[in-house]
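These are the residues of each chain, in order.
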Amino acid sequence: MGVKSEEGAKITSSASSAGGILFSMRSLKLKTKQQELLIRVSVLCLVYLLAFSVRLFSVLRYESMIHEFDPYFNYRTTLFLTENGFYEFWNWFDYESWYPLGRIVGGTLYPGLMVTAAFIYWTLRFFRFAAHIREVCVLTAPFFAANTTIVAYFFGKEIWDSGAGLVAAALIAICPGYISRSVAGSYDNEGVAIFALLFTFFLFVKAVNTGSLAWSLASAFGYFYMVSAWGGYVFIINLIPLYVLVLLVTGRYSMRLYVAYNCMYILGMLLAMQIRFVGFQHVQSGEHMAAMGVFFLMQMFYFLGWVKHLLNDAKLFQAFLKISVTLAVGVGALALGVGTASGYISPWTGRFYSLLDPTYAKDHIPIIASVSEHQPTAWSSFMFDFHILLLLFPAGLYFCFKRLTDATIFIVMYGLTSMYFAGVMVRLILVAAPAMCLVGAIAISATVKNLASLVRTKSKSQQTSSGKGTGHAKASLKAALGQSLPFQKNVAMALLFGAFYLLSRYVIHCTWVTSEAYSSPSIVLAARGANGGRVIFDDYREAYFWLRQNTPPDAKVMSWWDYGYQITAMGNRTVIVDNNTWNNTHIATVGRAMSSYEDEAYEIMQSLDVDYVLVVFGGVTGYSSDDINKFLWMVRIGGGVFPVIREPDYLVNGEYRVDKGAAPKMLNCLMYKLCYYRFGEMTTEYGKPPGYDRARGVEIGNKDVKLEHLEEAYTTSNWIVRIYKVKPPSNRR
Amino acid sequence: MAISRVVLFLFFWNAILWTPARSDLVILKLDRKIDLTSQTVRVTSSLKIENAGPSTASKVLLAFPSHQARNIAELRSFYREGKSKVSSDQLRVELVEPQGMPPDLTFYAVQLQKDLRRGEILNLDVLAVFTHSLKPFPEQISQTEVQLVVFQDSAYYLSPYVVKVQSLGVKLPSKNVESFTKFENSKLIDSEIKYGPYENLPVFSYTPIVVHFESSSPFAVAQELLREIEISHWGNVQVTEHYKLVHGGAHNKGGFSRFDYQSRPFASESSSFRHLLARLPPRAHSVYYRDEIGNVSTSHLRGDSRKTELVIEPRYPMFGGWKTSFTIGYGLPLKDFLFQSEGRRLLNISFGCPIEDVVVDDLIVKVVLPEGSKDFYSSVPFSTKQWEEIKYSHLDIAGRPVLVLKKTNVVPEHNEPFLVYYRFNNLSLLREPLMLVSGFFLLFVAYIVFMHVDMSISKSSASYISKLQWDEVQTSLQHVLSVINRCLAVHGKLEASLRDLSRTGDVRSCKAARKAADSVFKELLKELNLALGSLQSSPQAAQIWPKVEELVAKERELQERLILKHSSVVDSYEKKHSGREIENRIAAHEQKLVALRHEVDDLIEILDELC
């Protein structure tokens, strides 16, 4: 007996002492709210760091360099901006591209990216950090991606709650669809534009939620930054009116919406028109008409509301409504019709059409269709770029519909429209990525929160029961369990683990994708060697540097437009066409030269003052995105302007081949000759005849290529880039 | 240290009559060797000189045709003692313009360390290094052709002194000689052409010879080399070298065929070169090799404790006339190169280009001293042009002083150490970290100030006032909570006294604890009422008031229960009840206490989140 009582006393004493310790801990501990803040801030900081550092794979794997094609132009212009100042940049006429036309650079680019990078550079310089402009450019995209996570947090907080915000920040930090365009070195407009896009949306939603002029003004400035950074601003200026329209239709019109939209539209428009590349397009072109229409509609709505308030008579108002609506629709339609007919309102551009009708480009604008990133998206790349977000998206939509507010309607619309665009064009997966992350975050946050609250009640009662071990606790446990389903807690636990498993798979997938697929600069090619080691093909830079050093400074280089930006930036030589495909005829001329016989091509090249011709050839290394594989596009684009070039001449029974069975025109056109010059003597693979093309896996058809007007000037060590010199006319040799 | 002034581009335009130089010196024997194996021409002459005149001579004149003198990169002279022993002491050689000498000749005077008296004999070695003296002929060759070069000189030694016996040997890189000037006593043996011996030649004898031969040695010429040596007192000397390199041999014509180049990978007769070898100082680290468009991935580094060798391969093989430019950089441990001497610091580092067999046309060496260095000067064993600059780098305010040394026509012989002296206070090292620290400090201070300053524009708006009121409510709520927490702390003490009682049975101390607790409770009650009063008066607190009230009530109940339990336990102990009995008596209290405690905790948690 006595022993037992002692035990009892011990138990009580230990319980109370534990209570005492707990109590003293509490007085030291931060308050729950402060704790939460601390955790939230530290998670955000970690996410910020993660978003930045995961994008550095490319620097570690390769080097701190600019990637791809367009970024080289951006880099070159940024260099010009930092060296010559803003006004020189704004008025820059570039003689080195589009010879002999030239390019008004200041008026034909979105300067946001360059100005941002230059601004960062100048700031660093001001604080005496001797950073190189290249490093700044390389790290601009990761820096902005990290900022995007913060915006995603606030956006998620605005739409749902701070938990969803945190999850959204974490998801977007490593979402492959976004990483693909924002790794270190990917110095492209999209890098800052996604930040600007999300920021504008966030500010606008905030403005709609608060009805505050300040937020609306901020969103106008966000829009201005977006316009200055990327042509994708058209998405904003169409999505927001659409959103407003939906709110009007669903009867969610409010004064907050009126203030937010009007201020944002008017100020945003005025600011956007300051960008020279946009200018009056913002009020004249078809793509921007929706925004203007909705603006007038808003005024109508407000006016009608006012009249209704004044009249205070339903019948009278009905009559007035009929008249005014007919009048307004009539005037609007008339204005649109007259504007379009008189050419004051320009019709939609090809790119915009091709977004609405995916088959449009294929039939009408081969130059848009020829770009791989303008192709419709395959299912696999959705899975590759979004992974679990693809599953979470519908779940998130469900939660959004369950709790419809102005903000959730916005994210639903953003998600659905951007998903459609992502399906039409591969590159627009990027635009969909933030929406996917936000909607997915809502799904995760809501689910996990529900599950956790279930598990939490259980664990709490468990704790109390273990602490007391008395009947009272059991009773309370029973009470808590009262309405719940059997095994609810176990199922909740299992589901929680499932969610964490999914999320960890997502993390693994993202890391893998980033390191393997999206961190290659594409200018340096890496392959696995026979002994498993990494082999680097640095042929592009080899060729460009050769051009830079060993050709006259005013030499003109003709190549397919893909390499234009790289040649001007790295080779520092004048090119005929480049990646700014603004002049289809000029590109078609180059396509024609490439697909003509040598003597015809020579005349074209003479008329264009071409000194060197550069082709990319993968037959030795098996590099498949070379000029022979792009050749049909040259024929199509050339043929689109010059009917002399006919695609069937290069095909045999509709089949594209380079071997013995190839069409005779194919075997003798300039591109074929330049790619395969002296290739017929070369043995590329053991056990195969000389002249075996490894990229296409055939023995070439014309092994005895003779050049009359050109001579081989340089071929890189793996034959990937071949440069030919155009000889002067024979009477001047 | 004596610095010889060598001004290269200097001509004799003043009309001087051709008069035989009257000199007392006679060269008894002269042996001249011309080494043409690389692109730099090295002429080694051994002279045996006798003073035949009456007066003592303090210098020996060396004569070169002006067109040759223009290409002189280095001219050195040593005493030779015995057969082959060469004294390490260099003699001073300087440019002179003696009177009465023929035009178009450039003279250098070797200053003897001790005068040569009448009848004395002196052995002298003279080394002259010429650049750009081998001319490719033909000037353009195709990729597969071999490069031929022409060299011109005189078969006789050009000298203002009478030469008794002389001979000349021309060493060629290979046996393949296109042609050479046939002359008396000239013969080709293996890869060497011998002229002489010739005897008793008068002053200024000159007979041109031409050698046309095959040379496949790399003609790597750095048209411009900028070496930047930056000292960091944190333990590193960073060397950055910017090269503008050109292949100075016969120009390539007719394009470049990769197929031909690949099909004969080890063609030794080709004048093109693929690699360059840079010999860096030992313990060089963080070596990089890049150019304007990025890293060049073709380089190899190997090294041991005595040397570091960097094999660099330009992006493309270098053919005649092709250019390239690149940058190599490396860090060196500070303690290997920086020394202290008489309160000054002393940098001792190599001057020339570390790449083997490269001729540098313009070499600029910039020594970047740490910010705050002063009284700096350099000591270079040959003549250089010098000036000062300022460089701004990380976190510099005044900028770093830069000492710039410029020298033209640099050959591997100039790869000698030079010294830079300067004064630097160690405390200046701390400036930049302190700047960073204070910058961050200011950032945080600014944030704190920002958080504590009332930034609102309209002080009378409703939202502003309600915000102020809410702040008040929060502070009083916090006060309430702190009072409650203190109450709970006292509860803990009471419980502790009960535990002590069960262990020791000391009823008196337990009662004392109770007394103390009672007084504290009384005080706390007063405080609580005060806080509650202010909370109640605020209209903003209406929402939370019920919770607060509930909390206070529960706490009071808890307090009462505890006191009840305490007194009953103490009572039982006094009456000496058994443990079992006591337990039974307080069991009901115990249950209620735990439940109440939970409710109080939950309420505190909820209210805590509000403020």
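Criteria and thresholds
Note that residues are indexed from 1 along each chain, following the sequence as it is written. In the order they appear in the text, chains get letters beginning with A and ligands get numbers beginning with 1. The predicted nature of this model means local features are confined to residues of pLDDT at least 70 and side-chain atom pairs, given and counted, to a pLDDT of 80 or more, with totals for whole chains, interfaces and linings taken over all residues. Side-chain measures here rest on the full set of heavy atoms in the structure, leaving out hydrogens and waters. Where helices and strands are cited, they refer to DSSP runs of H or I of at least four residues and of E of at least two residues respectively, numbered from the N terminus. Values of the radius of gyration come from C-alpha atoms, whereas the globule rule sets the reference at 2.2 Å times the count of residues to the power 0.38. Between buried and exposed lies partly exposed: a residue is buried under 20% and exposed over 50% of the maximum accessible area for its type, with that area taken using a 1.4 Å probe on protein chains only. For every residue, the predictor states its confidence as a pLDDT score lying anywhere from 0 to 100. The contact criterion used throughout is that any non-hydrogen atoms of two residues lie within 4.5 Å. What counts as a salt bridge is simple: a side-chain nitrogen of Lys or Arg found within 4 Å of a carboxyl oxygen of Asp or Glu. Between N or O atoms, a polar contact is any pair within 3.5 Å; within protein, one atom must be a potential hydrogen donor and the other a potential acceptor, and residues adjacent in sequence are included only when both atoms are from side chains. Here the nonpolar group is Ala, Val, Leu, Ile, Met, Phe, Trp, Tyr, Cys and Pro; Asp, Glu, Lys and Arg are the charged ones; every other residue, Gly included, is treated as polar. The rule for pairing is simple: two strands pair if DSSP sees at least two bridges between them. For the purposes of this description, domain bounds are those given by an automatic or database domain assignment. Note on definitions: angles span 0 to 180 degrees between N-to-C directions of axes, and those axes are lines fitted to C-alpha atoms, for helices only across the stretch in contact. UniProt positions are given in the numbering used here, feature names are shortened, and annotations may be inferred rather than shown by experiment. For classification purposes, an angle smaller than 35 degrees is called roughly parallel, one larger than 145 roughly antiparallel, one from 65 to 115 roughly perpendicular, and anything else oblique. If you view the pair so one helix is near and one far, a crossing is left-handed when the near helix is turned anticlockwise from the far one by less than a right angle, and right-handed when it is turned clockwise. In the cavity and pocket records, a cavity denotes points on a 1 Å grid over the protein atoms alone where a 1.4 Å probe fits but cannot get out, a pocket denotes an open set with protein on both sides within 12 Å along at least 5 of 7 lines, and lining residues are residues with an atom within 4 Å of a point. Grid points are joined across faces, edges and corners, and a volume is the space filled by probe spheres set on the points. By this rule the span expected of a helix is its residue count minus one, scaled by 1.5 Å.

Colleague: Hey, could you go over the overall build of chain B for me, with residue numbers and the actual values?
Modeller: Summing up its helical and strand segments, chain B has seven helices and 32 strands in all. By the compact-globule yardstick of 25 Å for 611 residues, chain B is too spread out, its C-alpha radius of gyration being 47 Å. Along the three orthogonal principal directions, the C-alpha set of chain B runs to about 140 × 65 × 65 Å. Counting across all 611 residues of chain B, residues that qualify as buried make up 47%.

Colleague: Can you tell me about the confidence of the model for chain A, naming the residues and giving the values?
Modeller: Residues and elements named next belong to chain A. Of the residues in chain A, 92% reach a pLDDT of 70 or more, and the chain-wide mean stands at 88. At the level of individual helices and strands, chain A shows its lowest average pLDDT in helix 1 (residues 2-28), which scores 45, and its highest in strand 7 (residues 612-616), which scores 96. Within the model, pLDDT remains below 50 along residues 1-24, and this stretch shows 14 contacts once partners closer than five positions in the same chain are excluded. Across residues 459-482 the pLDDT falls below 50, and counting only partners more than four positions away or on other chains, this stretch makes eleven contacts in the model.

Colleague: Account for the interface of chain A and chain B, naming residues and giving values.
Modeller: Listed as interface residues are 43 residues of chain A and, on the opposing side, 50 residues of chain B. Connecting chain A to chain B are four salt bridges. Here Arg678(A) makes a salt bridge to Asp260(B), at a shortest N to O gap of 3.0 Å. Taken together, the connections running from chain A to chain B amount to 22 residue pairs in polar contact (both at pLDDT 80 or more). Considering only residue class, the side of chain A that touches chain B consists of 13 nonpolar, 14 polar and 16 charged.

Colleague: Which residues make up the sheet that holds strand 9 (residues 135-136) of chain B, and what values do they have?
Modeller: Residues and elements named next belong to chain B. The four strands lie next to each other as 9-11-16-13, forming an open sheet whose pairing is antiparallel. Strands at the two margins of the open sheet, each flanked by one partner only, are strand 9 and strand 13 (177-180). One ladder, built from three bridges, connects strand 13 with strand 16 (residues 208-214); its direction is antiparallel. Of the residues in strand 16, the one forming a bridge with Ser179 is His212.

Colleague: Let's hear about the domain arrangement of chain B: which residues, and what values?
Modeller: Annotation of chain B at the domain level lists domain 1 (25-214), domain 2 (220-424) and domain 3 (466-610). Between domain 1 of chain B and domain 3 of chain B, the C-alpha centre-to-centre distance is 110 Å.

Colleague: Can you tell me about the sheet that holds strand 29 (residues 374-379) of chain B, naming the residues and giving the values?
Modeller: Residue and element names in this part refer to chain B. Here we have four strands laid out as an open sheet, ordered 26-27-32-29, and antiparallel in their pairing. Edge positions in the sheet fall to strand 26 (338-341) and strand 29, since each of these pairs with one other strand and no more. Taken over all neighbouring pairs, the strand axes of this sheet differ in orientation by 25 degrees on average, direction set aside. Of the strand pairs in this sheet, strand 29 and strand 32 (residues 417-423) are connected by four bridges, and their pairing is antiparallel. What sits directly across from Ser379, in strand 32, is Leu419.

Colleague: Give a description of the UniProt feature "coiled-coil region" (unreviewed entry) in chain B that names residues and reports values.
Modeller: Under the feature "coiled-coil region" (unreviewed entry), the UniProt entry names residues 579-606 of chain B. Counting secondary structure, residues 579-606 of chain B comes out at 100% helix and 0% strand; the distance between its end C-alpha atoms is 38 Å.

Colleague: Can you tell me about the UniProt feature "domain: Oligosaccharyl transferase STT3 N-terminal" (unreviewed entry) in chain A, naming the residues and giving the values?
Modeller: In this numbering, the UniProt entry assigns the feature "domain: Oligosaccharyl transferase STT3 N-terminal" (unreviewed entry) to residues 38-439 of chain A. Between the first and last C-alpha atoms of residues 38-439 of chain A the distance is 25 Å; the span itself is 74% helix and 1% strand.

Colleague: I'd like to hear about the pairing of strand 11 (residues 148-154) of chain B, residue by residue, with values.
Modeller: All names here are of chain B. The element strand 11 is extensively covered by neighbouring structure, given that six of its seven residues are classed as buried. One ladder, built from two bridges, connects strand 9 with strand 11; its direction is antiparallel. Note that in strand 11 the partner of Lys135 across the bridge is Val150. Looking at chain direction, strand 11 and strand 16 are connected through seven bridges and run antiparallel. Bridge pairing in strand 16 places Gln152 opposite Val210.

Colleague: Describe in detail the packing of helix 4 (residues 70-84) of chain A against helix 6 (residues 112-126) of chain A, supporting the description with residues and values.
Modeller: Residues and elements named next belong to chain A. The geometry of helix 4 relative to helix 6 is characterised by a closest axis approach of 9 Å and an angle of 50 degrees between their N-to-C directions. Viewed along their axes, helix 4 and helix 6 adopt a mutual orientation that is oblique. Seen from above, helix 4 lies across helix 6 with right-handed handedness. Mapping the contact onto sequence places Asn74, Thr77, Thr78, Leu81 and Thr82 in helix 4 and Leu113, Met114, Val115, Ala117, Ala118, Tyr121 and Trp122 in helix 6. Within the contact of helix 4 with helix 6, the residues separate by chemical class into eight nonpolar, four polar and no charged.

Colleague: Outline the UniProt feature "transmembrane region" (unreviewed entry) in chain B, supporting the account with residue identities and numerical values.
Modeller: Feature annotation in UniProt places "transmembrane region" (unreviewed entry) on residues 434-453 of chain B, given in this structure's numbering. Regarding residues 434-453 of chain B, the helix share stands at 95% and the strand share at 0%, and the terminal C-alpha atoms are separated by 28 Å.

Colleague: Provide a residue-level description of empty space enclosed by the protein, including the pertinent values.
Modeller: Residues and elements named next belong to chain B. Tallying each qualifying case throughout the model produces two cavities of 30 Å³ or more. Space inside the largest cavity adds up to approximately 170 Å³. Every residue lining the largest cavity is counted, 17 residues in all, and those nearest its centre are Arg32, Val43, Ala63, Phe64 and Tyr157. Those elements that provide at least two residues to the lining of the largest cavity are strand 2 (41-51), strand 3 (57-65), strand 8 (121-130) and strand 11. Tallied by class, the residues present in the lining of the largest cavity amount to twelve nonpolar, three polar and two charged. Space inside the second largest cavity adds up to approximately 60 Å³. Around the second largest cavity, the lining residues are Ile141, Ser142, Gln143, Glu145, Ala250, Asn252, Ser270, Ser271, Ser272, Phe319 and Gly320.

Colleague: Now, about helix 4 of chain A: what can you tell me, with residues and values included?
Modeller: All names here are of chain A. With 15 residues, helix 4 extends 21 Å from end C-alpha to end C-alpha; this agrees with the ideal 21 Å at 1.5 Å per step. With eleven of 15 residues buried, helix 4 is to be regarded as a mostly interior element. All of the buried residues along helix 4 are Pro71, Tyr72, Phe73, Asn74, Tyr75, Arg76, Thr77, Thr78, Phe80, Leu81 and Thr82.

Colleague: Describe the packing of helix 10 (residues 189-210) of chain A against helix 22 (residues 406-424) of chain A, and please don't skip the residues or the numbers.
Modeller: Helix packing for two helices is described by the angle between their axes and how far apart those axes are. Residues and elements named next belong to chain A. For the pair helix 10 and helix 22, interaxial distance at closest approach is 9 Å and the crossing angle is 150 degrees. If you check the angle between helix 10 and helix 22, you find them roughly antiparallel. Like other packed secondary-structure pairs, helix 10 and helix 22 cross with a definite hand, here right-handed. Between helix 10 and helix 22, the contacting residues are Leu197, Leu198, Phe201, Val205, Val208 and Asn209 on the first element and Asp406, Ala407, Phe410 and Tyr414 on the second. Class assignment of the residues belonging to the contact of helix 10 with helix 22 gives a composition of eight nonpolar, one polar and one charged.

Colleague: An account of the side chain of His374(A) is needed here, citing residue identities and associated values.
Modeller: Residue and element names in this part refer to chain A. Relative to the helices and strands, His374 is located in the loop between helix 19 (366-369) and helix 20 (379-386). Assessed through its relative accessible area of 11%, His374 is described here as buried. Side-chain polar atoms of His374 contact the side chain of Arg427, separated by 3.1 Å. Beyond its immediate sequence surroundings of up to four residues, His374 is in contact with Arg351, Ile368, Val424, Met425 and Arg427.

Colleague: Give me the lowdown on helix 8 (residues 162-174) of chain A, citing residues and values where you can.
Modeller: With 13 residues, helix 8 of chain A extends 19 Å between its outermost C-alpha atoms, agreeing within 8% with the 18 Å of an ideal straight helix rising 1.5 Å per residue. Turning to helix 8 of chain A, its buried residues number three or more, namely Ser162(A), Ala164(A), Gly165(A), Leu166(A), Ala168(A), Ala169(A), Leu171(A), Ile172(A), Ala173(A) and Ile174(A).

Colleague: Describe unusual backbone geometry, naming the residues involved and giving the relevant values.
Modeller: With the exception of glycine, the majority of residues adopt a negative phi angle, and the majority of peptide bonds are in the trans configuration. Here the amide bond leading from Phe137(B) into Pro138(B) is cis, since omega sits at 5 degrees, within 30 degrees of zero. One can find Pro138(B) in the loop between strand 9 and strand 10 (140-142). For the bond running from Gly196(B) to Pro197(B), omega is 5 degrees, close enough to zero to count as cis. At Asn572(A), a residue that is not glycine, the phi angle is positive and equals roughly 55 degrees. Tracing the sequence through the fold places Asn572(A) in the loop between helix 27 (564-571) and strand 6 (574-575).

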